[in-house]
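An overview of the molecular structure
Here's the letter readout for the chains.
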Amino acid sequence: MCGIVGYIGVKEKRNFLLDGLKELEYRGYDSAGIAVLKDGEITSFKATGKLNNLATKTKDFTSVDFGVGIGHTRWATHGKPTEANAHPHWGEFSYIIHNGIIENYKELKNELLNDGVKFLSQTDTEVAVHLFEKNVKELGDCFKAFEQTVAALHGAYAILLICKK
Ligand code: GLU
């Protein structure tokens, strides 16, 4: 089992997310990542192995003032424990982290591949961010698009998604 942390507000976000993930470390994980949305831009980092590796990679990153942050420790179920498969995963304007399994990811992935979507990872998670963006383009509304996306995902899971729109 892995961990998932989210923060919205004005506190410094890198330390908040890393501290939160540290609290969840006992659950076990093979890689970790964070993403922060601030002033309409998203910055993300990922690292394999222990949280110290992510802490080192992000040591010069700080994000104060209003923003939204998401953090994840991964226990691989779909795809090897590589940096490419670590979360967050992204599309054109959104970043996602996810605990659990999307049981119907293969059929969703095939549909998205037919639409010309390019995948960067072997995870089940990545289908969710691309499906979300397809729904945003169709519906023009992020909240409705997220509801429609979740309704299409089968399995037991938790998701945090941030979106520039
Ligand atoms: N199924 C996802 C993956 O393999 C999430 C695993 C987890 O819960 O950490 O990346």
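Data block above holds the structure.
Per chain, residues are indexed from 1 in the order of the written sequence. In keeping with the model being predicted, local features are shown solely for residues with a pLDDT of at least 70 and side-chain atom pairs are shown and tallied solely at 80 or more, while totals for entire chains, interfaces and linings include all residues. Excluding hydrogens and water, the side-chain values take into account all heavy atoms of the structure.

So, about the overall build of the protein. Working definition: helices are DSSP H or I runs of at least four residues, strands are E runs of at least two. Numbering for both runs from the N terminus. For the protein, the helix and strand inventory stands at 5 helices and 7 strands. When the elements of the protein are put in sequence order from the N terminus, they spell out β-α-β-β-α-β-β-β-α-α-α-β. It is over C-alpha atoms that the radius of gyration is taken, and the globule rule equals 2.2 Å times the number of residues to the power 0.38. Here the protein has a C-alpha radius of gyration of 15 Å; the compact-globule value for 165 residues is 15 Å, and the two agree. Its C-alpha atoms put the protein at 40 × 35 × 25 Å along the principal axes. Residues are treated as being in contact if the distance between any of their heavy atoms lies within 4.5 Å. The contacts of the protein with a sequence gap of at least 6 include a subset with a gap of at least 24, amounting to 67%.

A few words now on the packing of helix H4 (residues 125–139) against helix H5 (residues 142–152). Remark: H4 packs on H5, axes separated minimally by 8 Å, with the N-to-C direction vectors making an angle of 135 degrees. Considered as vectors, H4 and H5 are oriented oblique to each other. Like other packed secondary-structure pairs, H4 and H5 cross with a definite hand, here right-handed. Counting all contacts with H4, which are made through Ala-128, Leu-131, Phe-132, Asn-135, Val-136 and Leu-139, the residues of H5 involved are Cys-142, Lys-144, Ala-145, Phe-146, Gln-148, Thr-149 and Ala-152. The axes are straight lines fitted to the C-alpha atoms, using for helices just the contacting stretch, and the angles between their N-to-C directions are given from 0 to 180°. Should an angle lie under 35 degrees it is considered roughly parallel, over 145 roughly antiparallel, and from 65 to 115 roughly perpendicular; all remaining angles are considered oblique. The handedness criterion is simple: a crossing whose near helix is rotated anticlockwise from the far helix by less than a right angle is left-handed, and one whose near helix is rotated clockwise is right-handed.

Turning our eyes to something else, we now look at the nonpolar core. Formed by 15 residues in total, the largest nonpolar core has its most connected members in Val-5, Leu-17, Leu-21, Ile-34, Phe-45, Leu-51 and Leu-54. Secondary-structure elements contributing two or more residues to this core are strand E1 (3–9), helix H1 (13–23), strand E2 (31–38), strand E3 (41–48) and helix H2 (51–57). The set of buried Ala, Val, Leu, Ile, Met, Phe, Trp, Tyr and Cys residues whose side-chain atoms join them within 4.5 Å is what this entry labels a nonpolar core. Accessible area is worked out with a 1.4 Å probe on protein chains only. A residue is then buried under 20% of its type maximum, exposed over 50%, and partly exposed in between. Counting residues in hydrophobic clusters, the runner-up holds 12 residues, among them Ile-102, Phe-119, Ala-128 and Ile-159.

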